[in-house]
Amino acid sequence: MLIWLTCKYFDLKKTLKPSEKRYSELVDAVASIVDRIEGYDKAHAKEVATLAAKIASRLSKTPEQISSLETAAKLHDVGMLMIPDEIIKGRRKLSEDNAFIMKNHPLLAEHYLKQEVSVNDDIPTIIRWHHERWDGFGYPDSLRGEQIPVLSRILAVADSISAMRSNRSYRKRSYKSDKEIIDELKRQSGLQFDPALVKIAISILEEETNKD
């Protein structure tokens, strides 16, 4: 039922357009379901979408690209709906088999979404590669550097920042402040993340901190 609901929003996008509000509300509803299943203490997917859009705007991406990125951000973990709860929320180190299952969640999301999307829609592929790493040690395809589409690279940074800011039902957050998150982004620049995107993300975080 949840998978059907996740995919159904594409049909609504076609039949209800230009009623973008209804479309957006359904995407938000699906994102909320995924956040709850993953045990986040806040609207993780929405925060990822907001931050990703800010980064993309500073790269002068088109409104269409930013819209696709925001939707991909809200649905980036729908593949988790197909993974057993004990694997997602387990407190022990994952076995090799369970780690393999977890690493397949971007592929599961892409597969199900592509059943309802035309081949020209880039939302599923943005999701597919949001766990790739700049150094080539990510998954599912071990892409490196600029082989990874820029919208997926943006999503990777935004997702990680939000995750570092979050408590989850089965573990406490590891970073107490945005300063600690900024330090971690610097450590992972050129390793996990695109160095150029790290600079942009840090400038956004510092601006947000100065406003508070």
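Up top you'll find the structure we're talking about.
Along each chain, residues carry numbers from 1 onward, in the same order as the chain's sequence is written. For this predicted model, a pLDDT threshold of at least 70 governs which residues receive local features, and a threshold of 80 or more governs which side-chain atom pairs are given and counted, while totals over whole chains, interfaces and linings are taken from all residues. The basis for every side-chain value is the complete set of heavy atoms in the structure, and neither hydrogens nor water enter the calculation.

**Regarding the overall build of the protein chain**
Definition in use: Only runs of H or I of at least four residues qualify as helices and only runs of E of at least two qualify as strands under DSSP, and these elements are numbered from the N terminus. Each residue is assigned to one of three classes by its accessible area relative to the maximum for its type, calculated with a 1.4 Å probe on protein chains only: buried under 20%, partly exposed between the two thresholds, exposed over 50%. Note on contacts: a residue pair qualifies if any of its non-hydrogen atoms lie within 4.5 Å across the two residues. Each accessible area is a Shrake-Rupley estimate made with a 1.4 Å probe; only the visible protein chains count as cover when residues are assessed.
When you go through the protein chain residue by residue, the secondary structure sums to 11 helices and zero strands. For the protein chain, the succession of helices and strands along the chain, N to C, is α-α-α-α-α-α-α-α-α-α-α. By residue count, 46% of the 212 residues in the protein chain fall in the buried class. Across the protein chain, the fraction of contacts at a sequence separation of at least 24, relative to all contacts at a separation of at least 6, is 65%. Accessible area of the protein chain: about 11300 Å², with a carbon and sulfur share of 52%.

**Digging into the packing of helix α10 (residues 178-188) against helix α11 (residues 195-211)**
Stated formally: Think of each axis as a best-fit line through the C-alpha atoms, taken over the contacting stretch in the case of a helix, with angles from 0 to 180 degrees between the N-to-C directions. Between 65 and 115 degrees an angle is taken as roughly perpendicular, under 35 as roughly parallel, over 145 as roughly antiparallel, and anywhere else as oblique.
Closest axis-to-axis distance for the α10/α11 pair is 10 Å, and the angle between their directions is 170 degrees. Of the possible angle classes, the one that applies to α10 and α11 is roughly antiparallel. Judged by residue contacts, D178, I181, I182, L185 and K186 of α10 engage V198, I202, L205, E206 and T209 from α11.

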